[in-house]
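# What the coordinates show
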Amino acid sequence: MAMSQQGREGGRILTERRGRAAYVTLSHPGRLNALSISMWQQLERIFGELSSDTELRCVVLSGEGGNFAAGADIGEFPQARADIDGVMHYHLQVIAPALKAIAACQHPVVARIEGVCVGGGLEIASQCDLRIAARSSRFGVPINKLGFPMAPDEMQGLLALAGRAATLEILLEGRVFGADEAMSKGLLTRVVPDADLGADMDRLVGRLEKGAAMAARLNKQMVARLSSSPEPLSEAELRSFFSYAPSRDHREGVDAFLAGREPVFSGD
């Protein structure tokens, strides 16, 4: 078990490795883990590093102290977003690359959500592959009270999960709502009782660690491709996808099934 801390002033990102799972924690004590510029930049760098780690099988993203994240650190806005150039740089060069790094991670990324998950916190969760929430957690994007809209790169994740009608409802009303409603809007994978969140996450991580990493990577890639373009898959894309055929994990999965034993995947 190894833990590292990146960034101290204005919040930090904690990273810990347990077996073949990486745990990334948003930490901004006293601010409900509001994300500073430094934290966004750390997320981009950390997820880039984790994605290239071929020994990993999954990444768990959570917040410290009983909350996921309360959005961006508004205290930085007067300086960081003082004019149109500042606003564009903040959203296009700070937040967007962090969200893209989470989405592009080749390993399954799971959001472990409790407490507040609003604004930038919900944007981050929307880029994860799975979102498991405690029933008492709260969601929303109340930025209409701050006088500005959600930036396009940040809206994409929400729109992909909730669709046009629910996205407009969330943004136009600016209402904070509970986990069951978030589930009904398509924002969550599942909702569990608060007391069961830890055990449910442990079981989920166990399943991801035992699964075939190559299959997980290909599933993520194909979901992204099919979701982003209506064009038929090219011959090259199909051959690339089906290139798993001679892999050791493919043979191991079939052999284990036929032998009536649990498969042991090597990752290739």
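Read on for a plain summary of the structure.

Each value, and the rule that gives it
Residues numbered from 1 in each chain as written. Predicted model: local features only at pLDDT ≥ 70, side-chain atom pairs only at ≥ 80, totals over all residues. Heavy atoms only, no water. Helix = DSSP H or I, 4+ residues; strand = E, 2+ residues; numbered from the N terminus. Expected span 1.5 Å × (residues − 1). Bend = angle between axes of the 7 residues up to and from the residue. Buried < 20%, exposed > 50% of the residue type's maximum accessible area, 1.4 Å probe, protein only. Contact = heavy atoms within 4.5 Å. Pairing = 2+ DSSP bridges. Polar contact = N/O pair within 3.5 Å; in protein donor to acceptor, adjacent residues only side chain to side chain.

Right, let's talk about helix H3 (residues 84-104) for a bit. In this model H3 runs 28 Å from its N-terminal to its C-terminal C-alpha over 21 residues, within 8% of the 30 Å that 1.5 Å per residue would give. Its maximal kink placed at Ala96, H3 deviates by approximately 35°, while the proline Pro97 follows within four residues. By the burial criterion, the buried members of H3 are Gly86, Tyr90, His91, Val94, Ile95, Ala96, Pro97, Ala98, Leu99, Ala101 and Ile102. The inward-facing, buried residues of H3 contact helix H1 (37-51), strand E4 (58-63), helix H2 (77-80), strand E5 (109-113), helix H4 (120-126) and helix H5 (152-173).

By secondary structure assignment, the location of Asp268 is in the segment after helix H10 (248-259). On a C-alpha basis, the gap between Asp268 and Tyr244 in space is 8.5 Å, while along the polypeptide they are 24 residues apart. Among all residues touching Asp268, those that are not within four sequence positions of it are Met214, Ser247, Arg248 and Asp249.

If you check the backbone angles, Leu32 has positive phi at about 55° while not being a glycine. By the secondary structure assignment, Leu32 is in the loop between strand E3 (21-27) and H1. Despite not being glycine, Asn33 shows a phi value in the positive range, around 60°. Position of Asn33 relative to the elements: it lies in the loop between E3 and H1. Given the relative accessible area of 3%, Asn33 is considered buried.

Right, let's get into the pairing of E5. For E5, the tally of buried residues reaches 4 of 5 residues, placing the bulk of the element in the interior. By the bridge criterion, 4 bridges tie E4 to E5 in an arrangement that is parallel. Across the sheet, residue Val59 finds its bridge partner in E5, namely Val109. In this sheet, strand E7 (residues 130-134) lies alongside E5 in parallel orientation, the contact comprising 4 bridges. Looking at E7, one finds that Ile113 is bridged to Ala133.

What follows deals with the side chain of His28. When you line up the elements, His28 lands in the loop between E3 and H1. Taking the relative accessible area as the measure of exposure, His28 reaches 9% and is therefore buried. Within polar-contact distance, the side chain of His28 engages the backbone oxygen of Ala34 at 2.7 Å.

Strand order in the open sheet formed by 3 strands is E6-E8-E9, with mixed pairing between adjacent strands. At either end of the open sheet lies a strand with only one pairing partner, and these are strand E6 (116-118) and strand E9 (177-178). For strand E8 (residues 138-140) and E9, the ladder comprises 2 bridges, and the chain directions are antiparallel. Looking at E9, one finds that Arg138 is bridged to Gly178.

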